[in-house]
Amino acid sequence: MADTTNHTESLPVVVIGAGPVGLATAAHLRERGLTPLVLEAGSTSGAAIREWGHTRLFSPWRFNIDDAARRLLEADGWQAPNPEVLPTGHELITDYLTPLADALGDVVRTDARVIAVSREGIDKTRSTGRETTPFLVRIASSDGSSEDVLARSVIDASGTWHQPNPLGRSGLPAPGEAEATARGLITQPLPAVTGVDRDRFAGRHVLVVGAGHSAANTLLDLAELADDNPATRISWAVRSADASRAYGGEDRDELAARGALGTRLRDLVESGRIDVHTSFVITGFETHGEQLHVQAAGPSGAEKLTVDVLVPATGFRPDLSMLTELRLDLDPTVDAPQKLGPLIDPEFHSCGSVPPHGERVLAHPEPGFYIVGMKSYGRAPTFLMATGYEQVRSIAAALAGDRVAADTVHLELPETGVCTTDLGGYCDVPAGPLPVTIGGAPTSSCCS
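Note that this is a predicted model, so its numbers are computed, not measured.

Some points on unusual backbone geometry
- Non-glycine residue leucine 190 carries a positive phi angle of around 50 degrees.
- The topology assignment puts leucine 190 in the loop between helix H6 (177-182) and helix H7 (198-201).
- Even without being glycine, aspartate 335 reaches a positive phi, approximately 65 degrees.
- Within the secondary structure, aspartate 335 sits in the loop between strand E14 (309-312) and helix H10 (341-344).
- Of the residues examined, aspartate 335 reaches a relative accessible area of 21% and is grouped as partly exposed.

What follows is the structure in structure tokens.
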């Protein structure tokens, strides 16, 4: 048993995904004297971000750089961008993620898609010796080859970008949705409306579906496009009876850009430049030539809206298919770790502030396995990068045996200025860091 344990501890900690949280994980592990191995499915670090890189973040640089990553980069002479500037996704990659991946060196492997995680030689049903048995991580490459890698621990930071929520009701794809997507009448989320995808939208009737920040960004881009091409028509559909939730905290938001997003969107709606369809529940799609007929159940019964292209902005959900041989404890509502789920449930919380949480909250019955970053929030849409950075700092401390550091977590997030409760009311949340010791009395949280 001792030999097996020693062998396991000599193995790397596998990190799945080379986005901001995955690379920050590697930086924290390295500071703790552990060996990370980052496996990225794409051809470069930050591959998913490249797909929406034209979009500007609403959080400035000071919220987007991890502390351990900063220390590693500055040791190589890197200079941080202006902390108050809002980067685009492309700038996040160029000015931060690419230098960070370079500083981490060959511990970052690209074209390494993780397709399964298990334990070496045993499946999910085997308990004897499980904790001391190495993880087995199966990787597939674009050339069709595969490889098994052993690990002492696995941290899944693979995100949710490639798993968008379906457009239909009941959490299911609507009839005809797959065909419409295959024909290009339904786009990917956050297309480059004023950039490389401009011709796809200019002069056409575009429907945006969803009520979050992605929908707001796309609607504002479409309005800018319509300024140059007045033939462009913009429709916006939401499932709720009131679209105002998408406006957020406006001038009460500590992130000025996020607040301005809502204010600008409200102005466009009130001016009539955006045609809003509320209580719009999509029941099916029909394609006729180059047009898409969107069928829906509305407040007055069945509705049909004919458009040229539809932009989905209905959020994402985690892909858990590669984790079926692991023992997971997930919240049944949002697919987040069981202890985290109630803290972020979007039916009760829509603000950017959550109680600080670390390794104990993120742990599963599978010792040494964690889901972090956007994927740790499951179907909840309120994740911020700073949250992920604190998650992985705590986990790295725990893996290194520093229980005190792991259990004392600090989280400083910009307040939204307003958060919606399940009763439709609002509450202000005090700004500032929220330190907490795990196992002690809970701190106050959004709308608690």
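Some details on the pattern of salt bridges
- The final tally for this structure, using the stated rule, is 18 salt bridges.
- With a closest N to O distance of 3.9 Å, glutamate 74 and arginine 70 form a salt bridge. Of the two residues, glutamate 74 and arginine 70 are both situated in helix H4 (residues 67-75); the distance of four residues between them amounts to about one turn of the helix.
- Residue class for glutamate 74 comes out partly exposed when judged on its relative accessible area of 41%.
- Under the relative-accessibility criterion, arginine 70 is labelled partly exposed at 25%.

Looking at the nonpolar core
- Residues Leu23, Tyr96 and Val372 are the most contacted members of the largest nonpolar core, which totals 55 residues.
- The set of elements that each furnish at least two residues to this core consists of strand E1 (13-16), helix H2 (20-31), H4, helix H5 (89-104), helix H11 (359-362) and helix H12 (385-399).
- With eight residues, the top contributor of residues to this core is H5.
- For tyrosine 96, the contacting residues outside a window of four places in its chain are Trp61, Asn64, Ile65, Asp66, Ala69, Leu73, Trp78, Glu91 and Tyr389.

Points about the sheet that holds strand E11 (residues 281-288)
- Strand order in this open sheet of three strands is E11-E12-E13, and the pairing throughout is antiparallel. Two strands bound the open sheet, and with one partner strand each, they are E11 and strand E13 (301-307). If you compare each strand with its neighbour and ignore which way they point, the axes differ by 20 degrees on average.

Conventions used here
Residues numbered from 1 in each chain as written. Predicted model: local features only at pLDDT ≥ 70, side-chain atom pairs only at ≥ 80, totals over all residues. Heavy atoms only, no water. Helix = DSSP H or I, 4+ residues; strand = E, 2+ residues; numbered from the N terminus. Buried < 20%, exposed > 50% of the residue type's maximum accessible area, 1.4 Å probe, protein only. Salt bridge = Lys/Arg side-chain N within 4 Å of Asp/Glu carboxyl O. Core = buried A, V, L, I, M, F, W, Y, C linked by side-chain atoms within 4.5 Å. Contact = heavy atoms within 4.5 Å. Pairing = 2+ DSSP bridges. Axes fitted to C-alpha atoms, helices over the stretch in contact; angles between N-to-C directions.

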